[in-house]
Amino acid sequence: SMASPALLMRVVASAYSVAEKAATIVRNVLAAGDLGIVEKTGANDLQTKADRLVQMSICASLARKFPKVTIIGEEELPTDEVTEELIEDGHCEEILKKTCPAQYTEIKEEELVIWVDPLDGTKEYTEGLLDHVTVLIGIAYGGKAIAGVINQPYYNYEAGADAVVGRTIWGVLGIGAFGFQLTEAPAGKHIIVTTRSHSSTLVNDCISALNPDTVIRVGGAGNKIIQLIEGKASAYVFASPGCKKWDTCAPEAILHAVGGKITDIHGNSFQYNKEVKHMNSAGVLATLRNYDYYASRIPNTVKQSLMP
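Residues numbered from 1 in each chain as written. Predicted model: local features only at pLDDT ≥ 70, side-chain atom pairs only at ≥ 80, totals over all residues. Heavy atoms only, no water.

(A) Layout of the domain arrangement of the chain. Assigned domains within the chain: domain 1 (7–178) and domain 2 (191–305). On a C-alpha basis, the centres of domain 1 and domain 2 stand 21 Å from each other. Contact residues are listed per partner, giving 41 residues for domain 1 and 30 residues for domain 2. Of the roughly 2,600 Å² buried at the junction of domain 1 and domain 2 (both faces included), carbon and sulfur atoms supply 65%. Interface area lost by domain 1 to domain 2 is led by Trp 115, His 132 and Ala 145, which between them contribute 23%. (Domains from an automatic or database assignment. Contact = heavy atoms within 4.5 Å. Buried area = accessible area lost by both parts, 1.4 Å probe.)

(B) View of the packing of helix H6 (residues 221–229) against helix H7 (residues 245–257). Running from N to C, H6 and H7 point in directions that differ by 15 degrees, and their axes come no closer than 9 Å. As judged from the angle between their axes, H6 and H7 are roughly parallel. Read as a crossing pair, H6 and H7 show a hand that is right-handed. Between H6 and H7, the residues in contact are Ala 221, Gly 222, Ile 225, Leu 228 and Ile 229 and Asp 247, Pro 251, Ile 254 and Leu 255, respectively. (Axes fitted to C-alpha atoms, helices over the stretch in contact; angles between N-to-C directions. Helix = DSSP H or I, 4+ residues; strand = E, 2+ residues; numbered from the N terminus. Parallel < 35°, antiparallel > 145°, perpendicular 65-115°, else oblique. Left-handed = near helix turned anticlockwise from the far one by under 90°.)

(C) Quick peek at the sheet that holds strand S9 (residues 191–194). With mixed pairing, five strands are arranged side by side in an open sheet as S10-S9-S11-S13-S12. Of all strands in the sheet, those bounded by a partner on one side alone are strand S10 (214–217) and strand S12 (261–263). Averaged over all neighbouring strand pairs, the angle between strand axes comes to 20 degrees, with direction disregarded. In terms of strand pairing, S12 meets strand S13 (residues 284–287) through three bridges, oriented antiparallel. Opposite Lys 261, over in S13, you have Thr 287 as the bridge partner. (Pairing = 2+ DSSP bridges.)

(D) Representation of the sheet that holds strand S3 (residues 70–73) within the structure. Strand order in the open sheet made by the six strands is S3-S4-S5-S6-S7-S8, with mixed pairing throughout. At either end of the open sheet lies a strand with only one pairing partner, and these are S3 and strand S8 (176–178). Taking the axes of each pair of neighbouring strands and ignoring which way they run, one obtains an average angle of 15 degrees across the sheet. Bridge count for strand S6 (residues 144–152) against strand S7 (residues 167–172) is six bridges, and the pairing is antiparallel. From the neighbouring strand, Ile 150 faces S7, where its bridge partner is Ile 169. Packed onto the sheet, helix H1 (residues 7–32) meets strand S4 (112–120), strand S5 (134–141), S6 and S7 and runs at close to 30 degrees relative to S6. Its contacts with the sheet place H7 against S3, S4, S5, S6, S7 and S8, and it is angled at close to 100 degrees to S6.

(E) Fine view of the environment of Ser 197. Here Ser 197 lies in the loop between S9 and helix H5 (201–209). Since its relative accessible area comes to 17%, Ser 197 is described here as buried. The residues contacting Ser 197, other than those within four sequence positions of it, are Asn 44, Lys 123 and Glu 124. (Buried < 20%, exposed > 50% of the residue type's maximum accessible area, 1.4 Å probe, protein only.)

Structural data, given as structure tokens:
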């Protein structure tokens, strides 16, 4: 008989279905019209009913199936309020058919850490910039992001009445990434994607030093990585603290699965073990290709201002 799929592939296959359920919750909350917005640390740091319900749904669904996995979500929430209709028990059959990379076949539940951003781009969600919004489920092993799921609940939402709205992108190191068309940015163009609502002198000085042809300002770390893998931007540059591990884990796994690179502004890798601090305090630099070109042009003044 066939051996049952490796744990990692079962976790990713479940995370795929869990992310699709999350997208349905995100769309339903918006359609119902009561976003239930609360400010966490200020007007640029918001939480909505969708953030809360989605995190409960993702964490409870995955914890039920994989009880020994560590799951770290963005929102501080009570754990006892999860109703059955928030639980997703399904999985993506297609993912289970893929062969688990040899270096991951022996992973045990207690060795995995799942980083969850239930709704990346909350501010944009509240402002109706719905294509910025993603649901992020990142899977780490040995402190490294090794697999990820990114759902875009509103992908294609402006494409007309017959369009299928929403899509799920997933990837595993050593297998690749799926659910989108991998495209490189135009050769010789320096198109930088950066923050929309967390700008600062440092952020802008860093971008100017890179002499970009174009600067795209959008919300959401997941959204920015998608800009890279679909060839709409050549580098994602954020010379500021503020980004957290749940923002970068899933996008990192997908970017690395297709040969890209993401680090802090000094070129250090992010660590995702469960004890790690949540803040990526030394910023973000990511590219699909030509990482060294951008890394070599980050000004020392910027590096000195952002200590890991």
